[in-house]
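Reading the structure
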Amino acid sequence: MDRIETDVVVVGAGLAGLAAARRLTARGVDATVVEARDRVGGRTLNEELGGGEVVELGGQWVGPGQDRVLALIAELGLETFPTWSAGESLFERGGRVGRYRGTIPRANPAALAELGLALRRLDRMAARVDPERVWEQEELAGWDAVTVASWMRRHLRTGVGRDLLRLAIEAVWAAEPEDVSLLHALFYIRSAGSIGALLDTEGGAQDSRVVGGTQLISLRMAAELGDRVRLGRPVRAIRWEGPGATVEADGLTVAARRAIVAIPPALAGRIRYEPALPAARDGLTQRMVQGTVVKTMTIYPEPFWRELGLSGQATSADGPVSVVFDNSPPSGRPGVLLAFLEGDAARAATNLPAAERRELVLDCLVRLFGARAARPERYVDKAWAADEWSRGCYGGYLPTGAWLAYGHALRAPVGPLHWAGAETATEWAGYMEGALRSGERAADEAAAALPTP
């Protein structure tokens, strides 16, 4: 059993944890990062394609307004490139596939007008949410008492309108509208600025990718930190009696004056704490559920869909694939179609053998892109809910009643313990931008609480 003494111990070597350690060390504060996996990056993960090309099996996109992550990419000597969007997109519903341009598929005018009104209404409602103090806004209790699905039933009367908004909810939260508190959805929208920012490709959250894959952000931060990062050390217990905290991991004990827990609340709640955490914090971790997604990459010699005038982007109300993107590398070779199974479809597919998931995905791609989609060179996927150290993606969400009852415990320190992670962010919650901001915020909290030498 190795033992380390440090100023601040950070649990988790994803973007939040590494950003926290990087900020601390820049201020001259000693920090040690303890990570369960044998790699860094958390919910970002590169997959090698050969020839120096990669695809991302985890978080991958950055966009305008995500200032911190874009600045860090530049600081680390990395570059971005735009998500491929040239050409027409596809929308499948009721066995019919149509082409369109822009963010919203073509549909009957009444359905599109209704959907546009609903999206504008959500933006107006979200403007009333204060991300810094959601739990204090008792006047919003009615929104925390209903799901997004309940709101949809009241405000969307057309089947097309409901299907399109359902697809949007699945795409953002990897959950069903029945799962998510309306207030949580509004908080998320406010944290990004608008629902359009969440949904759009060009100019939105899916605007650009990182050359070489987003895991490079974590890999380069970890390289700067050197042996301060300890991999393959799952944290089992945190003792926080007295002025400091002791983290007990497999084969390693770290004694520190402060601790930053930078993993999703659902996982943070599985650590044993001595003494036990306050009831509100424990209650929060029980309620903040991880989204469920299977992210798939189907790889072809070339992006044949571009020859057909297609962007590679598609949405399907028929499923089980809900959203598709052209995820080819900057060179355009090989051609890669990224297909998501989200929410209920991902729950059903997670426990299937990979070969069966492959057939489900190929069936959908053939319906959308034609017979050539049936003959890929390779297929790879990642069922994030089956990952022991993530238990889901893209992030955590709250069901009805949780924000007002437990939201105050999301970021509030407990003794020497501080909380980070994309779920705790007030700007771009759930995104890489939010993860970085949360880690830096927790680092500032911890540094400010250290005794003056």
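Read on for a plain summary of the structure. (Residues numbered from 1 in each chain as written. Predicted model: local features only at pLDDT ≥ 70, side-chain atom pairs only at ≥ 80, totals over all residues. Heavy atoms only, no water.)

Points about the overall build of the protein chain
Our working rule: The numbering of helices and of strands both runs from the N terminus, where a helix is a DSSP run of H or I of at least 4 residues and a strand a run of E of at least 2. Put simply, the radius of gyration uses C-alpha atoms, and a globule should come to 2.2 Å times the residue count raised to 0.38. By definition in these notes, contact holds between two residues if any of their heavy atoms fall within 4.5 Å. Throughout, the Shrake-Rupley method with a 1.4 Å probe supplies accessible areas, and for residues the shown protein chains are the sole cover considered. The positive count covers Lys and Arg only, the negative count covers Asp and Glu only, and His and the chain ends enter neither. One atom stands in for each charge, and that atom is NZ of Lys, CZ of Arg, CG of Asp or CD of Glu.
If you tally the helices and strands in the protein chain, you get 16 helices and 21 strands. In summary, the protein chain has a C-alpha radius of gyration of 22 Å against a globular reference of 22 Å for 453 residues, a match within 12%. Seen through its C-alpha atoms, the protein chain measures out along the principal axes to roughly 65 × 55 × 40 Å. In the protein chain, the proportion of contacts linking residues at least 24 apart, taken out of those at least 6 apart, comes to 74%. Of the roughly 17,100 Å² of accessible surface on the protein chain, a fraction of 50% belongs to carbon and sulfur atoms. Treating the 52 positive side-chain charges of the protein chain as one cloud and the 57 negative ones as another, the clouds have centres 3 Å apart.

Brief notes about the sheet that holds strand β16 (residues 310-316)
Two modes of strand pairing occur in sheets, parallel and antiparallel, and in both the strands are linked by backbone hydrogen bonds. Put simply, the test is: For two strands to be treated as a pair, DSSP must find at least two bridges joining them. Fitted lines through C-alpha atoms give the axes, limited to the stretch in contact for helices. The angle between two N-to-C directions lies from 0 to 180 degrees.
What the seven strands build is an open sheet, ordered β7-β6-β16-β17-β18-β15-β19; its pairing is mixed. Each having just a single partner strand, β7 (96-100) and β19 (378-383) make up the two edges of the open sheet. In this sheet, neighbouring strand axes are inclined to one another by 20° on average, regardless of whether the strands run parallel or antiparallel. One ladder, built from six bridges, connects strand β15 (residues 293-300) with β19; its direction is antiparallel. In the sheet register, K295 faces β19, and the bridge partner there is K382. Contacts between helix α6 (residues 159-173) and the sheet are confined to β6 (88-93), β16, β17 (323-326) and β18 (335-342), with β6 contributing the most and set at about 115° to the helix.

A few points about the environment of R96
Filter applied, for reference: Note on classification: 1.4 Å probe, protein chains only; a residue is buried when its accessible area is under 20% of the maximum for its type, exposed when over 50%, partly exposed between these limits.
Position of R96 relative to the elements: it lies in strand β7. A residue is classified by how much of its surface remains accessible, and R96, at 68% relative accessible area, is exposed. A sequence separation of 21 residues divides R96 from L117, and the C-alpha atoms of the two residues are 25 Å apart.

A short note on the pattern of salt bridges
The following threshold applies: What makes a salt bridge here is a side-chain nitrogen of Lys or Arg within 4 Å of a carboxyl oxygen of Asp or Glu, nothing more.
Counted by the stated rule, this structure contains 37 salt bridges. With a closest N to O distance of 3.8 Å, R333 and E302 form a salt bridge. Of the two residues, R333 is situated in the loop between β17 and β18 and E302 in the loop between β15 and α12 (304-307); the sequence distance between them amounts to 31 residues. Residue classification places E302 among the partly exposed residues on the basis of a relative accessible area of 27%. For R437, the salt bridge is made with E433, and the minimal N-O distance between the two is 2.7 Å. In this pair, R437 and E433 both sit in helix α16 (residues 432-449), four residues apart, roughly one turn of the helix. Judged by relative accessible area, which is 0%, E433 ranks as buried. Taken together, the shared-partner salt bridges in this structure form one network comprising R22, R23, R27, R68, E75, E224, E440 and D444.

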